[in-house]
Amino acid sequence: MLGTPTLSHSRSFAAYPSLFSFSSSPASSRTRILLMSAIETKSSKISFDSVVIEPPSHPTYDLKAVIGLALAEDAGGIGDVTCMATIPVDMEVEANFLAKEDGIIAGIALAEMIFNEVDPLIKVEWSQSDGNYVQKGMQFGRVFGHAHNIVMAERVVLNFMQRMSGIATLTKVLCQMQHIQHGFWRRGKLPQVLIGGGQNHRMGLFDMVMIKDNHISVAGGVSNALKSVDEFLHKRNLQMPVEVETRTLEEVKEVLDYASKQKTSLTRIMLDNMVVPLPDGDVDVSMLKEAVELINGRFETEASGNVSIETVNIIGQTGVTFISSGALTHSVKALDISLKIDIELALQVGRRTNRA
């Protein structure tokens, strides 16, 4: 997991240019962010060096199959009729990746997989790596090969890279805000989150116990749910992280009371919606702070709910270990990237429209 709180948001990165200064000014606290996300407040050094993140490994997740489905969806059983009509099959070209706004690049390994799936003879060269900061108008990669196949792969490549780069960009902004580490809760390790400076919370439903409100309701209370989990893990000789959601200070006290009376596998307490929005747009974090003080370091803590660019700093100042937000995936803005054969004309048009 990662370090000081950061968060996810649907606004364009361009709205936060000052957040992309790579200064090393000290942070007063360190918190980590997760996807549905959490942030950690331990002091730790975070490297923003370029990294290449491979696609996720998952017991049932077949990335090649996903790519195949995306390509097949585009082809519709017929193929790219526009390419077939306008581009000679044997024509070879060079196309250039062009950043049309500032941000963090992600998805290079996946792009190469897609090109290879369409045509193993296509060659790709990159002047930037996953995690690098690119500026509007920068050319950061070249593709060589049959024009028909490059254009056919273009949309799928850009769909993945734009989305992944948008998530990586927002993650980096959040990390920079508090100089923190991040962890994200979501099925599958999201390479774009890692590229942006975060970490993933869990791979799926199988590798971490996450006791949420519905589990608690069915079990008849938070203590009953924890007891059931402890008995289940002991009986099956399983060891894995255990997190429980609490929504009130009374539930926090119940968790602590349970843990004081018997051995438990609990590792983290989620403090859900204890950040209260105020009419003036600010937030009241007094309840969250009181919960953190009650727990007093006995377990990791995670703040969830009402997390935004505007609120992440004040949330982190409560001393919470992690801050979580789902907006990094459900509300993020894709980074504007294009792949152009005629790069000079593309740049000319971009200058005319202020997009390059």
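Residues numbered from 1 in each chain as written. Predicted model: local features only at pLDDT ≥ 70, side-chain atom pairs only at ≥ 80, totals over all residues. Heavy atoms only, no water.

Novice: Hey, could you run me through the overall build of the chain in this one?
Specialist: When helices and strands are tallied, the chain shows twelve helices and 16 strands. Relative to its 356 residues, the chain shows a buried fraction of 52%. Of the contacts formed within the chain by residues at least 6 apart in sequence, a portion of 77% connects residues at least 24 apart. (Helix = DSSP H or I, 4+ residues; strand = E, 2+ residues; numbered from the N terminus. Buried < 20%, exposed > 50% of the residue type's maximum accessible area, 1.4 Å probe, protein only. Contact = heavy atoms within 4.5 Å.)

Novice: Looking at this structure, how should I read the packing of helix α8 (residues 249–261) against helix α9 (residues 286–295)?
Specialist: Pairs of packed helices are described in terms of their axes, by the angle between the two and the distance that separates them. Two elements in contact, α8 and α9, have axes separated by 10 Å at closest approach and are oriented at 10 degrees. When the axes of α8 and α9 are compared, the pair comes out roughly parallel. Contacts between α8 and α9 involve Leu249, Val252, Lys253 and Leu256 from the first element and Met287, Glu290, Ala291, Leu294 and Ile295 from the second. (Axes fitted to C-alpha atoms, helices over the stretch in contact; angles between N-to-C directions. Parallel < 35°, antiparallel > 145°, perpendicular 65-115°, else oblique.)

Novice: Explain the nonpolar core to me, please; I cannot follow it from the model alone.
Specialist: Nonpolar side chains in soluble globular proteins tend to be buried together. One finds Phe97 and Met161 to be the most contacted residues of the largest nonpolar core, which totals 35 residues. Among the elements of the structure, α1 (63–75), β2 (92–99), α3 (108–118), β6 (139–146), α4 (147–178) and β16 (337–340) are those that each provide at least two residues to this core. Considering each element in turn, this core owes the most residues, nine residues, to α4. With residues up to four places along the chain from it excluded, the contact list for Met161 reads Phe97, Ile105, Ala106, Gly107, Ile108, Ala111, Trp126, Phe140 and Ile337. One finds Leu256, Tyr258, Val312 and Ile323 within the second-largest nonpolar core, a separate group that totals 33 residues. (Core = buried A, V, L, I, M, F, W, Y, C linked by side-chain atoms within 4.5 Å.)

Novice: What should I look at first to understand the pattern of salt bridges in this one?
Specialist: Working definition: two side chains of opposite charge can pair if their charged atoms are close together. A full pass over the atoms with the stated rule returns ten salt bridges. In this structure, the salt-bridge partner of Glu251 is Arg247, at a minimum N-O distance of 3.0 Å. We classify Glu251 as buried; its relative accessible area is 13%. Among the ionic contacts, a cluster of salt bridges with common partners joins Glu243, Arg268, Glu300 and Glu302. (Salt bridge = Lys/Arg side-chain N within 4 Å of Asp/Glu carboxyl O.)

Novice: Please explain the layout of surface pockets as it appears in this structure.
Specialist: Unoccupied space between atoms shows up once a probe the size of one water molecule is rolled over them. In this structure, the second largest pocket encloses a volume near 300 Å³. Taken together, Asp230, Leu233, His234, Asn237, Leu238, Gln239, Met240, Lys263, Thr264 and Ser265 make up the lining of the second largest pocket. Of the residues assigned to the lining of the second largest pocket, the class counts are three nonpolar, five polar and two charged. (1 Å grid on protein atoms, 1.4 Å probe; cavity = no way out; pocket = protein on both sides within 12 Å on 5 of 7 lines; lining within 4 Å. Points joined across faces, edges and corners; volume = space filled by probe spheres on them. Nonpolar A, V, L, I, M, F, W, Y, C, P; charged D, E, K, R; others polar.)

Novice: Would you mind going over the packing of aromatic side chains with me for this structure?
Specialist: Each aromatic ring pair is characterised by the separation of its centres together with the angle its planes make. Per the counting criterion, the structure on display carries four aromatic pairs. Measuring from centroid to centroid gives 6.4 Å for Phe97 and Phe115, while their planes differ by 75 degrees, and the two rings are edge-to-face. On the criterion of sequence distance, the pair formed by Phe97 in strand β2 and Phe115 in helix α3 is long-range, its members being 18 residues apart. A single burial state applies to Phe97 and to Phe115, both of which are buried. Taken together, the aromatic side chains of Phe97, Phe115, Trp126 and Phe140 make up a single cluster linked through ring pairs. A cation sits over an aromatic face here: Arg268 above Phe322, 3.8 Å from the ring centre. (Phe/Tyr/Trp six-rings, centres within 6.5 Å; stacked < 30°, edge-to-face > 60°. Lys NZ or Arg CZ within 6 Å of the ring centre and 35° of its normal.)

Novice: When you look at the sheet that holds β16 in this model, what are you seeing that I'm missing?
Specialist: In sheet architecture, strand pairing relies on hydrogen bonds along the backbone and comes in two forms, parallel and antiparallel. Strand order in the open sheet formed by four strands is β4-β6-β2-β16, with antiparallel pairing between adjacent strands. Both edges of this open sheet fall to β4 (123–126) and β16, since each of them pairs with a single strand only. In this sheet, neighbouring strand axes are inclined to one another by 15 degrees on average, regardless of whether the strands run parallel or antiparallel. Across four bridges, the pairing between β4 and β6 is antiparallel. Paired with Glu125 across the strands is Arg142, a residue of β6. Running at roughly 30 degrees to β2, helix α12 (residues 343–352) makes contact with β2, β6 and β16 of the sheet. (Pairing = 2+ DSSP bridges.)

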